[in-house]
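Topology and contacts: notes
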Amino acid sequence: EVVINFKVAQTLKLLESSIADGEDRVSETDDITLTFTDATVSTNFDLIKLIDSNNQTVDIILSLENNVLTISHDGLVQGQTYTLKVPANAVIDALGNPNKAIAITFTTYEPIAIIHSSIADENIALEPTFKLYLNGNVSVDSSKFALTLGDDLVNVNVELVDRIVMITPVESLISNQ
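We now turn to the structure provided with this report. (Residues numbered from 1 in each chain as written. Predicted model: local features only at pLDDT ≥ 70, side-chain atom pairs only at ≥ 80, totals over all residues. Heavy atoms only, no water.)

**Focus on the overall build of the chain**
What counts, and what does not: In this description a helix means any DSSP run of H or I spanning at least four residues, a strand means any run of E spanning at least two, and both kinds are numbered starting from the N terminus. Here the globule rule reads 2.2 Å times residues to the power 0.38, and the radius of gyration is calculated from C-alpha atoms. Here's how the labels work: a residue is buried when its accessible area is under 20% of the maximum for its type, exposed when over 50%, partly exposed in between, all with a 1.4 Å probe on protein chains only. Contacts are assigned to residue pairs that have any heavy atoms within 4.5 Å of one another.
Looking only at helices and strands, one finds zero helices and 15 strands in the chain. In terms of C-alpha radius of gyration, the chain reaches 26 Å, well past the compact-globule figure of 16 Å for 177 residues. Counting over 177 residues, the chain shows a buried share of 28%. Considering only intrachain contacts with a sequence separation of at least 6, the fraction spanning at least 24 residues in the chain is 60%.

**Some words on the sheet that holds strand β2 (residues 32-36)**
Note the following rule: When DSSP locates at least two bridges between a pair of strands, those strands are taken to pair. Only the contacting stretch of a helix is used when fitting its axis, a line to C-alpha atoms as for every element, and angles between N-to-C directions run 0 to 180 degrees.
Strands sit in the order β1-β2-β6-β5 across an open sheet of four strands; the sheet is antiparallel. Each edge of the open sheet carries a strand with a single partner, namely β1 (14-17) and β5 (60-65). For this sheet, the mean angle separating the axes of adjacent strands, direction not counted, is 15°.

**Let's talk about the sheet that holds strand β11 (residues 130-134)**
Across the sheet, four strands lie side by side as β10-β11-β15-β14; this open sheet has antiparallel pairing. At either margin of the open sheet sits one strand with a lone partner, and together these are β10 (114-117) and β14 (156-161). Each neighbouring strand pair of the sheet contributes to a mean axis angle of 20°, computed without reference to strand direction. Where β14 meets strand β15 (residues 164-169), six bridges bridge the pair, whose relative direction is antiparallel. The residue of β15 that forms the bridge with V156 is P169.

**Details of unusual backbone geometry**
Even without a glycine there, the phi angle at N55 is positive, about 65°. The residue N55 is located in the loop between β4 (49-52) and β5 in this model. Despite not being glycine, N66 shows a phi value in the positive range, around 50°. Among the secondary structure elements, N66 is positioned in the loop between β5 and β6 (68-73). Judged by relative accessible area, N66 falls into the exposed class, the value being 67%.

This is the structure we're talking about:
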């Protein structure tokens, strides 16, 4: 007599998620997608939830097509933290293997704002560097910055260091004695 013991490996795997656990600055309007190797709806599919930081359930619409689970919503609150909870056995593969429980916590995009500025209304140095301290990471297009002195446009260099935009006139400013 020959006895063979074996175990079928779980073949259902999460391949990709449109959001990462701990990610901040997630779009408050985009759908959330999870892509699996092979997935169909299972027993706990309707138990998938999106929970806000007040522990309130957000209204969502679920769809599963071509192994992509899409979680749609009517828009999330900016700067709010959410947790997507996909319970075990929400989806299964062709062999009946269930997904493992998934929990992804993320924070939605909060508009960039200047939280502090080195710019004063008067007594500006002749060779200043103006600093704008921002509440988030950004990229800078220096062509979008302008500095005027009276009616005159002043050419500037713009540099981004961490979350600080530094604006420096190319030439010394003229004193208004």
